[in-house]
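Here's the letter readout for the chains.
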Amino acid sequence: MLGAAPGAAPSRMIVGQVQPSTRPPVALRNLLSDLADRVGYGQVVTAEAVPALALRGLVKRFDAKLAVAGIDLEVPAGSFFGLLGPNGAGKTTTLSMSVGLLRPDAGRAVVLGHDVWSDPVEAKRRLGVLPDGVRLFDRLSGAELLAYTGLLRGMDPAVVDRRARELLDVLALGDAGRTLVIDYSAGMRKKIGLACALLHAPRLLVLDEPFEAVDPVSGSLIRDILARYVSGGGTVVFASHVMEVVERLCSHVAILAEGAIKTVGTLDQVRGGRDLEDVFVEVVGGRTATGQELSWL
Amino acid sequence: MALTLGLFARLKLRFLANSLRGKGWRIAGFVMGCVAGGWFAVVGGIVFALTGVDRGPAFTLLIPAFGGATVVLGWLFIPLVWAGVDETLDPARFALLPLPRRTLIGGLLVAALLGVPALATLVATAGLVVGAAARGGVVAAVVQLGGSGLALVLCVALSRSLTSAFASLLRARRTRDLAAVVLALLAALLGPLQIGIVTALQSTGVDRLVRPAQVLGWTPLAAPYLVGMDVAEGRWLAAAGRLVLTAVAVVLLLWWWSRTLPSAMLGAASGSGPVRSGRVAGGPTAQLYPRIIGWLPRTAYGALIAREARYWWRDARRRANLITLTAIGVFLPVLGTLGATSFGSAGTRSPGPPTFAIALVGSLAAVMLANQFGFDGSAYASHVIVGVPGRLELRARAVGYSLYVVPILVVIAVIVGVLSRHPGQLAVTLGALLAVYGTGLAVNVIVSVLAAYSLPETSNPFAVKTGTGMTKSLFALVAMVGAVLAALPVLIGAALLTGAWSWVMLPIGAAYGAVLAALGIEIAADRLDRRAPELLAAVSPER
């Protein structure tokens with residue numbers, strides 16, 4: 001089909017990241033091809049011209065503190081974009097403003113050509129979000145939550161049922177049965193949140209700390225899903241401070257500190273042949289321990 | 001020990017100060033709370049000080065006995081059914097500290113004592129000290145001071161232990177139905193109290209009240225308030241007995257409180273119930289809809305209603321509200337009806353519907369929605385992400401809640417109709433109830449969008465934040481008055497129309513309520529569309 005948008009995703013996908021030993025089950029492959037079909041649809045025209053997410057001069061101030069001090073960022077369609085930064089750098093604030101959860105004091109956020117704040121309906125239709133530190137409607141069971149999210153998005157009930165079942169199977173949440181999401185473990189909650197974000201096959205996924213509190217098995221599963229999603233023409237933006245994950249997954253990286261972008265580019269540009277962690281520490285400017293402190297430990 | 005208690009006290013005050021810093025409307029709320037507390041303190045103090053004026057039993061016995069019992073019962077009921085408790089120092093936060101349980105209870109008690117309501121109560125009951133000094137000199141005053149202090153501890157321990165016990169009952173899936181029943185019964189206790197007050201007001205003879213007051217004086221409800229007068233009149237033994245009685249009650253309450261603490265300390269972290277495995281019939285969308293409303297369309301609107309319907313039962317906080325409403329809602333009109341037939345104008349003409357009770361219940365039903373977004377907290381983010389239209393959202397929420405409330409209102413109307421032996425009453429009552437509920441929806445939907453506030457994410461459904469108790473009560477009061485005023489035409493009609501014409505009130509009242517509710521939703525929907533992110537920020541707990 002139209003899945004392979006000309007010159008878009010496949011070349012950017014990091015081949016070799018998906019380990020052969022973790023071959024996704026049939027259900028996963030079906031789901032992903034389904035998602036890829038949906039994602040690729042209509043991308044022929046826009047993939048090159050329009051960035052998946054464009055931030056222009058975003059500013060947010062909380063009381064006296066300037067949390068985000070004017071961020072300009074362009075996320076190319078089909079990229080796997082990692083937003084790196086130390087705690088309190090403004091990652092969550094920036095992402096919240098990009099997806100319409102937090103009103104910026106100044107600036108714009110444009111999703112695939114649709115301004116999140118002036119044209120929210122079109123922008124939000126193309127957007128899947130996994131926020132961090134936000135509750136889900138957690139007194140529903142996993143299946144109920146997915147059904148709710150799908151119907152809320154105006155999807156066809158039959159499609160919702162089919163995709164919800166597949167997502168639950170793939171993410172190994174099917175066994176939880178009628179357990180309410182509030183009784184899920186932290187990792188399971190991340191997975192159901194991701195499932196909610198994926199359900200309507202968005203063309204841009206914005207994920208805040210998707211790998212936090214996730215065990216290695218689920219982590220590699222989520223990585224698989226995201227890599228496939230990007231190879232199918234989707235775009236992922238995710239915030240993290242786990243270097244290793246970013247290095248393995250991302251095609252593009254931006255380093256954020258004190259509310260401003262310090263470095264941005266493709267992974268190789270940012271690394272410049274060095275270890276990403278070294279670059280990060282240098283850019284952010286952390287202090288190094290001398291070995292004298294905490295002698296009582 | 002004393003050092004630790006001091007730490008708890010400073011912690012509480014620091015929390016209070018920090019919560020007010022730089023938040024204009026919170027300071028306003030706090031100031032209003034202080035004003036209300038001050039008003040209560042002054043009025044209460046004057047009433048209690050009257051004990052020193054005269055030696056008649058009306059002053060020396062009835063005022064402290066009934067006044068004191070009112071104070072204690074107020075501490076018992078108000079947090080439970082109305083304002084919630086200030087759980088700034090959530091026990092769960094101390095779970096990891098190596099604190100003996102006794103120290104923790106002491107600290108939490110001290111922290112709970114530091115607040116506007118406690119201070120106001122102390123000032124009010126200081127009126128008794130003044131009275132005792134006037135009648136019995138310094139010794140009586142000192143004894144009464146001890147009694148008043150002990151009474152305050154009793155009040156705080158009572159409200160804390162009770163809400164904590166209910167919280168832990170409501171938390172456990174096994175006991176929550178039991179808790180619901182007990183809570184309902186407790187709220188129903190308001191009924192006999194009301195009867196008692198009505199009877200007391202009807203029989204103006206002071207003599208008939210002396211006996212109950214004497215009995216009351218030997219219960220913890222009023223005992224600590226009488227010790228000053230005992231000493232002034234030379235009944236030393238009685239004073240000592242009453243003090244011991246109160247102290248025993250306090251100790252028992254604290255012990256009870258400490259028993260429920262472990263469950264509260266596990267807090268939200270242990271919210272886990274059983275893993276309910278097993279496949280459910282039907283696809284995910286079919287599971288979302290409760291069977292009784294399974295016919296609703298599989299659309300965003302239907303899904304919203306279904307989720308609301310599930311939430312009013314599954315969320316402990318909402319369920320507690322619903323249960324309280326049911327208990328009060330059934331008992332108040334019943335008493336109103338009984339009161340109207342046994343006292344007052346009975347016999348001269350067919351009694352009108354219990355208008356006051358109807359207005360109260362109808363508006364109380366709607367006021368539960370005054371902070372409907374606060375119930376969801378940060379989960380509301382999912383709606384903002386999807387971009388749910390405000391009109392759809394508010395309509396569905398109103399319908400979802402009405403699925404519970406309208407049947408309750410029907411039951412109330414039927415009971416009133418049966419009790420008053422006038423079937424016509426059924427229609428009038430139901431029409432008036434629906435009208436007030438509808439206008440209440442209109443007012444509260446607007447309030448819920450404009451004045452939402454976050455609820456603490458503890459496992460205690462009665463917990464509120466410092467200062468929000470007052471704000472909440474104020475908004476609720478304004479909303480209730482507004483609702484009743486808006487429904488006044490129907491209420492007046494219901495009170496005047498009797499006989500065959502009374503059936504007309506049912507369609508009129510229902511239509512009136514529906515139209516006004518729709519109007520309120522229209523107004524609020526527009527606001528909601530424009531300020532959804534701000535609403536989300538308002539209901540998200542700060543971290």
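Residues numbered from 1 in each chain as written. Chains lettered and ligands numbered in written order. Predicted model: local features only at pLDDT ≥ 70, side-chain atom pairs only at ≥ 80, totals over all residues. Heavy atoms only, no water.

Some points on the overall build of chain B
Now for step 1: The helix and strand tally for chain B stands at 21 helices and two strands.
Now for step 2: Contacts spanning at least 24 positions in sequence make up 80% of the contacts within chain B whose residues lie at least 6 apart.
Now for step 3: Approximately 23300 Å² of chain B is accessible, and the part contributed by carbon and sulfur atoms is 72%. (Helix = DSSP H or I, 4+ residues; strand = E, 2+ residues; numbered from the N terminus. Contact = heavy atoms within 4.5 Å. Areas by Shrake-Rupley, 256 points an atom, 1.4 Å probe, with all protein chains shown as cover.)

Let's talk about the packing of helix H6 (residues 142-152) of chain A against helix H7 (residues 157-170) of chain A
All names here are of chain A.
Now for step 1: The contact between H6 and H7 brings their axes to 9 Å, and the two run at 140°. Our classification of the angle between H6 and H7 gives oblique. In the crossing of H6 with H7, the sense of the turn from one axis to the other is right-handed. Where H6 approaches H7, its residues Gly-142, Ala-143, Leu-146, Ala-147, Gly-150 and Leu-151 are matched on the opposing element by Pro-157, Val-160, Ala-164, Leu-167 and Leu-168.
Now for step 2: In terms of residue class, the contact of H6 with H7 is built from nine nonpolar, two polar and no charged. (Axes fitted to C-alpha atoms, helices over the stretch in contact; angles between N-to-C directions. Parallel < 35°, antiparallel > 145°, perpendicular 65-115°, else oblique. Left-handed = near helix turned anticlockwise from the far one by under 90°. Nonpolar A, V, L, I, M, F, W, Y, C, P; charged D, E, K, R; others polar.)

Focus on the pattern of salt bridges
Residue and element names in this part refer to chain B.
Now for step 1: With the rule as written, the count across this model stands at 32 salt bridges over all chains.
Now for step 2: Between Asp-230 and Arg-235 there is a salt bridge, and its shortest N-O distance comes to 2.7 Å.
Now for step 3: By relative accessible area, which is 0% here, Asp-230 ends up buried. (Salt bridge = Lys/Arg side-chain N within 4 Å of Asp/Glu carboxyl O. Buried < 20%, exposed > 50% of the residue type's maximum accessible area, 1.4 Å probe, protein only.)

Topic: the interface of chain A and chain B
One frequently used descriptor of interface size is the decrease in accessible area upon assembly of the parts.
Now for step 1: On the chain B side, the residues contacting the 37 residues of chain A number 47 residues.
Now for step 2: With both sides pooled, the region where chain A packs onto chain B buries about 3800 Å², and carbon together with sulfur makes up 60% of that total.
Now for step 3: Run the count over chain A and chain B and you get three salt bridges.
Now for step 4: Notably, a salt bridge pairs Arg-103 of chain A with Glu-534 of chain B, separated by 2.6 Å at the nearest N-O pair.
Now for step 5: Elements with a contribution of two residues or more to the side of chain A that touches chain B: H6 and H7 of chain A.
Now for step 6: Among the residues making up the side of chain A that touches chain B, the classes are represented as 19 nonpolar, six polar and twelve charged. (Buried area = accessible area lost by both parts, 1.4 Å probe.)

Re the pairing of strand S7 (residues 204-208) of chain A
All names here are of chain A.
Now for step 1: Across the five residues of S7, five count as buried, placing the element largely inside the fold.
Now for step 2: Side chains Leu-204, Val-206 and Asp-208 of S7 all project onto a buried face; the interleaved residues Leu-205 and Leu-207 project onto the opposite face, where all are buried too.
Now for step 3: In this sheet, strand S8 (residues 235-240) lies alongside S7 in parallel orientation, the contact comprising five bridges. The partner of Leu-207 across the bridge, within S8, is Phe-238. (Pairing = 2+ DSSP bridges.)

Here we look at the sheet that holds strand S6 (residues 127-130) of chain A
Residue and element names in this part refer to chain A.
Now for step 1: Taken together, the six strands give an open sheet; going across it, the order is S6-S7-S8-S3-S9-S10, and neighbouring strands pair in mixed fashion. Both outer strands of the open sheet, S6 and strand S10 (260-266), are each paired with one neighbouring strand and no more. Mean inter-strand twist for the sheet, computed between neighbouring axes without regard to direction, equals 15°.
Now for step 2: Pairing between strand S9 (residues 252-257) and S10: six bridges, direction antiparallel. Along S10, the bridge assignment pairs Ala-257 with Ala-260.
Now for step 3: Strand contacts of helix H8 (residues 186-198): S6 and S7, with the helix running at about 170° to S6, the strand carrying the most contacts.

Some points on the sheet that holds strand S5 (residues 114-115) of chain A
Residues and elements named next belong to chain A.
Now for step 1: As summarised here, the arrangement of the four strands in space is S2-S1-S4-S5, forming an open sheet in which the pairing is antiparallel. The open sheet is flanked by strand S2 (65-75) and S5, the only strands paired with a single partner.
Now for step 2: With eight bridges connecting them, strand S1 (residues 53-62) and S2 associate as antiparallel partners. Counterpart to Arg-61 in the pairing with S2 is Leu-66.

Some words on the confidence of the model for chain A
Parts of the model with low pLDDT should not have their predicted coordinates read in detail.
Residue and element names in this part refer to chain A.
Now for step 1: Per-chain confidence: chain A averages 83 in pLDDT, with 81% of residues scoring 70 or above.
Now for step 2: The secondary structure element of chain A with the lowest average pLDDT is helix H1 (residues 9-12), at 41, and the one with the highest is H6, at 95.
Now for step 3: In the predicted structure, residues 1-23 sits below a pLDDT of 50 and forms 37 contacts with residues beyond four places in sequence or in another chain.
Now for step 4: The low-confidence segment residues 40-47 (pLDDT under 50) makes 15 contacts with residues lying over four places distant or belonging to another chain. (pLDDT = per-residue confidence, 0-100.)

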